[in-house]
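Each chain, written out:
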Amino acid sequence: MSFFRSHIIKVPLLLLIVTGITFFAWPREERLPAGESVSSWLMSLRSDTDNPDVQSKIYSLRSEDDDIPGLLRKASSIIGEHQDDFMLPVDAGNASDDDIYNTLLLKWTLHQQNPQADTVFIADRQVQVPPASEKEDKTLWSQFTNSIQFIIGAYSRASEVVDYIRMILRPLVSGIAIGAP
């Protein structure tokens, strides 16, 4: 019996640790490989041209499992060869691969922080001031009654807390024992 008492904490703790390691090491389906996420992002940066050469080069990035800066270097070389097919804020004639890479790196960082950062939403302005609600009564009498209600509510909650603390400190005062002498 003492064997079970000494292991009563160890076994559930060991099971909890093994479960945590399993969940940490288990591959997640929702996580895309780096090459696939960069290639789908590059497809969204393309203009409306349907150049099959550009599509095949972008799809070749999907199979790559390199780090993000390496993939962006390869993407900048693709964009450097086909600048007409992409919408990037770089000078078309004088843009070097480093300029394109820096622009891609900046846009990728913004895309990772906020996927809708590239999209601009224009909301309609309000034409009228919304009417004031009737609940906002700022008279002196209403403020006084609200203060009194707050004080009464706080006092009732404080008395409940005191009663609860008394019950915790003396739990068996009014209890009946089974098998008392």
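It should be emphasised that the depicted structure is a prediction, and the values quoted were computed from it without experimental measurement. (Residues numbered from 1 in each chain as written. Predicted model: local features only at pLDDT ≥ 70, side-chain atom pairs only at ≥ 80, totals over all residues. Heavy atoms only, no water.)

A. View of the overall build of the protein. Within the protein, the secondary structure is distributed over seven helices and zero strands. Across the protein, helices and strands are ordered from the amino to the carboxyl terminus as α-α-α-α-α-α-α. Burial analysis of the protein (181 residues in total) assigns 19% to the buried set. If you take every contact in the protein between residues at least 6 apart in sequence, the share linking residues at least 24 apart comes to 59%. Carbon and sulfur atoms make up 61% of the accessible area of the protein, which totals about 15200 Å². (Helix = DSSP H or I, 4+ residues; strand = E, 2+ residues; numbered from the N terminus. Buried < 20%, exposed > 50% of the residue type's maximum accessible area, 1.4 Å probe, protein only. Contact = heavy atoms within 4.5 Å. Areas by Shrake-Rupley, 256 points an atom, 1.4 Å probe, with all protein chains shown as cover.)

B. Highlighting the confidence of the model for the protein. Per-residue confidence for the protein gives a mean pLDDT of 76, with 72% of residues at or over 70. Element-level mean pLDDT values for the protein span from 65 in helix α1 (residues 2–6) up to 86 in helix α2 (residues 10–25). (pLDDT = per-residue confidence, 0-100.)

C. Just the environment of Leu-104, in detail. Relative to the assigned elements, Leu-104 resides in helix α6 (residues 97–113). Assessed through its relative accessible area of 0%, Leu-104 is described here as buried. Sequence separation of Leu-104 and Pro-69 is 35 residues, and the distance between their C-alpha atoms is 9.7 Å. Residue contacts for Leu-104: discarding those within four places in its chain leaves Trp-41, Leu-42, Leu-45, Leu-72, Ala-75, Ser-76, Ile-79 and Leu-88.

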